[in-house]
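# Results of the structural survey
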Amino acid sequence: MLNSYIINQLKQYQTPFYFYDTDLLHKTLFAIKEAASLFSFKLHFAIKANANKNILSIINDYNIGADCVSGNEIKRALNAGFPAHNIVFAGVGKTDEEIKFAIESDIFCINCESLEELEVINSLAGLLNKKPRTALRINPNVDAETHRNITTGLNSNKFGISVDDLQYIVDHFLEYNNLLIDGLHFHIGSQITNLNVFKNLCYVVNAIQKKLKRKNILINHLNLGGGLGINYENPENRIPDFQAYFSIFHKYLNLLPEQTVHFEPGRSIVGQSGMLLTRILYVKSHGSKKTIILDAGFTELLRPALYQANHKIINLTSQGNLENYDIAGPICETSDYFGKSITLPQSKRGDLIAILSAGAYGESMASSYNLRSSVRKYFLNTLAEEQREKILTKL
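Given the structure is predicted, the values throughout are model-derived calculations rather than measurements.

Turning our attention to helix H8 (residues 196–214). An ideal rise of 1.5 Å per residue puts 27 Å on 19 residues; H8 measures up with 28 Å between its terminal C-alpha atoms. For H8, the set of buried residues is Val 197, Phe 198, Leu 201, Cys 202, Val 205, Asn 206, Ile 208, Gln 209 and Leu 212. Close packing links the buried residues of H8 with helix H7 (163–171), strand E7 (180–185), strand E8 (221–223) and helix H9 (242–252). Phi turns positive, to about 60°, at Asn 216, one or two residues after H8.

Given below as structure tokens:
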């Protein structure tokens, strides 16, 4: 994945740092845009996956919108050049200030997550003398078959409007006269690899649409969220099968005339483009067990500690015999591990370690716990400018 020339270059940098392959990012963006265009689907990048300004600038070049879950993410999107009319705003706990900022910024849509929030948005819109487009985020009670901490579409989750509250909104629809409620929003979870899950979502969406149509409620756009997973075990499969993903919705969604369909991909776009580079500080022995202590911890990459997530880990500077190691960070927490019983070439102090598939929910979730320094970032750009232009013009 990394040739010897690049590895020698990386050795010169102080670790830990994120290393982004922007060539792969360009190729992934081209692939998802090409696949979405087959069905005229619209895309909004989930900024929570990676808010790095350089990454956002590249994504914006592909005329992909932004999916935001905080007021500051809206500001970051606008500052990165995303047009307001291509920004959507979700989030289960929007403050009044964030809602007002979204309304005043004339973004494409505010995705509302509760009955009480709908009333707040309606009230604030009236005070601002605006009529913002609003979508109802529905909790469809669809099992995403993913980790419990990244499942968002079950009745037990905090996200979305319940079926009971949806009925109340339908019965009182005309009371929300400061809002243009013309969308439905769904997001059932993250790192979903079983595409049949999305088929089940389509069935629920169809049933809800049918119910609203009987009440003469016009829905102009559907937002099906994101959630498509990537291959962490074999990151050599670097670009997801976007066409297979979108084909599920094309086949099973019953769309109304002129209805547009929106998606909010995040991980599937940036996940494989980033890796965390770190050095071995110490190798400890506890009887037959060996533990590697790295200079990166969950302050740089939280997913393994938070989700028990597995990232492929490779030693870039050793060709020794294979051994098993537990791989830990320096943070004063027992959960600060990147993996247990990981097979690596015989490893020693100073070896350069790469933790792969870290482009999503890596840098964006980094913290300064233990007063850690901010993680550094470097970028690989080998595509010539004219090659990038060819990719863009093909779209």
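Here strand E3 (residues 65–68) shows no split at all, with Gly 65 and Asp 67 on one side and Ala 66 and Cys 68 on the other all buried. Sheet topology places strand E2 (residues 42–46) next to E3; 3 bridges connect them, and they run parallel. In the sheet register, His 44 faces E3, and the bridge partner there is Gly 65. As a crossover connection, the stretch from E2 through helix H3 (residues 53–60) into E3 is right-handed.

Scanning the model with the defined rule gives 17 aromatic pairs in all. Plain terms: the ring middles of Tyr 18 and Tyr 20 are 6.1 Å apart, the flat faces sit at 15° to each other, and that makes the pair stacked. Each ring, one from Phe 41 and one from Phe 246, has its centre 5.7 Å from the other, and the planes form 65°; the classification is edge-to-face. Highlighted residues: Phe 41 in the loop between helix H2 (22–37) and E2 and Phe 246 in helix H9, separated in sequence by 205 residues. Across the pair, Phe 246 and Phe 41 agree in class, each one buried. Among the aromatic residues, ring-to-ring pairing joins Phe 39, Phe 41, Phe 198, Tyr 245, Phe 246, Phe 249 and Phe 263 into one connected group. The positively charged end of Lys 75 is found above the aromatic ring belonging to Phe 101, 5.3 Å away from the centroid. Across the ring face of Phe 89, the terminal group of Lys 94 is positioned such that the distance to the ring centre comes to 5.4 Å.

This part is about the pattern of salt bridges. For the structure on display, the rule yields 12 salt bridges. One salt bridge in this structure joins Glu 236 and Lys 312, with 2.9 Å as the shortest N-O distance. On the criterion of sequence distance, the pair formed by Glu 236 in the loop between E8 and H9 and Lys 312 in the loop between helix H11 (303–307) and strand E12 (313–315) is long-range, its members being 76 residues apart. Among the residues examined, Glu 236 registers a relative accessible area of 45% and is labelled partly exposed. Note that Lys 289 and Asp 326 form a salt bridge whose closest N and O atoms lie 3.0 Å from each other. Of the two residues, Lys 289 sits in strand E11 (residues 289–294) while Asp 326 sits in strand E13 (residues 322–328), which places them 37 residues apart along the sequence.

Position of Ile 219 relative to the elements: it lies in the loop between H8 and E8. Put simply, Ile 219 and Ser 105 are 114 residues apart on the chain and 23 Å apart in space, counted from C-alpha to C-alpha.

Turning to the sheet that holds E8, a few remarks are in order. Strand order in the closed barrel made by the 8 strands is E2-E3-E4-E5-E6-E7-E8-E9, with parallel pairing throughout. On average, each strand axis in the sheet is inclined to that of its neighbour by 30°, with strand direction left out of account. Bridge analysis of strand E4 (residues 87–89) against strand E5 (residues 109–112) gives 2 bridges, and the strand direction is parallel. Bridge pairing in E5 links Phe 89 to Ile 110.

When you line up the elements, Ser 318 lands in the loop between E12 and E13. In this structure the side chain of Ser 318 is engaged in a polar contact, spanning 2.6 Å, whose partner is the backbone oxygen of Gln 346.

Let us look at H7. Looking only at H7, the buried set comprises Leu 166, Ile 169 and Val 170. Take H7 and look down its axis: the buried residues cluster within an arc of 100°, on one side only. Buried residues along H7 sit against helix H6 (115–127), strand E6 (133–137) and H8.

Calculation criteria
- Residues numbered from 1 in each chain as written.
- Predicted model: local features only at pLDDT ≥ 70, side-chain atom pairs only at ≥ 80, totals over all residues.
- Heavy atoms only, no water.
- Helix = DSSP H or I, 4+ residues; strand = E, 2+ residues; numbered from the N terminus.
- Expected span 1.5 Å × (residues − 1).
- Buried < 20%, exposed > 50% of the residue type's maximum accessible area, 1.4 Å probe, protein only.
- Contact = heavy atoms within 4.5 Å.
- Pairing = 2+ DSSP bridges.
- Right-handed = clockwise from strand over helix to strand, strands pointing away.
- Phe/Tyr/Trp six-rings, centres within 6.5 Å; stacked < 30°, edge-to-face > 60°.
- Lys NZ or Arg CZ within 6 Å of the ring centre and 35° of its normal.
- Salt bridge = Lys/Arg side-chain N within 4 Å of Asp/Glu carboxyl O.
- Axes fitted to C-alpha atoms, helices over the stretch in contact; angles between N-to-C directions.
- Polar contact = N/O pair within 3.5 Å; in protein donor to acceptor, adjacent residues only side chain to side chain.
- Arc of directions from axis to C-beta.

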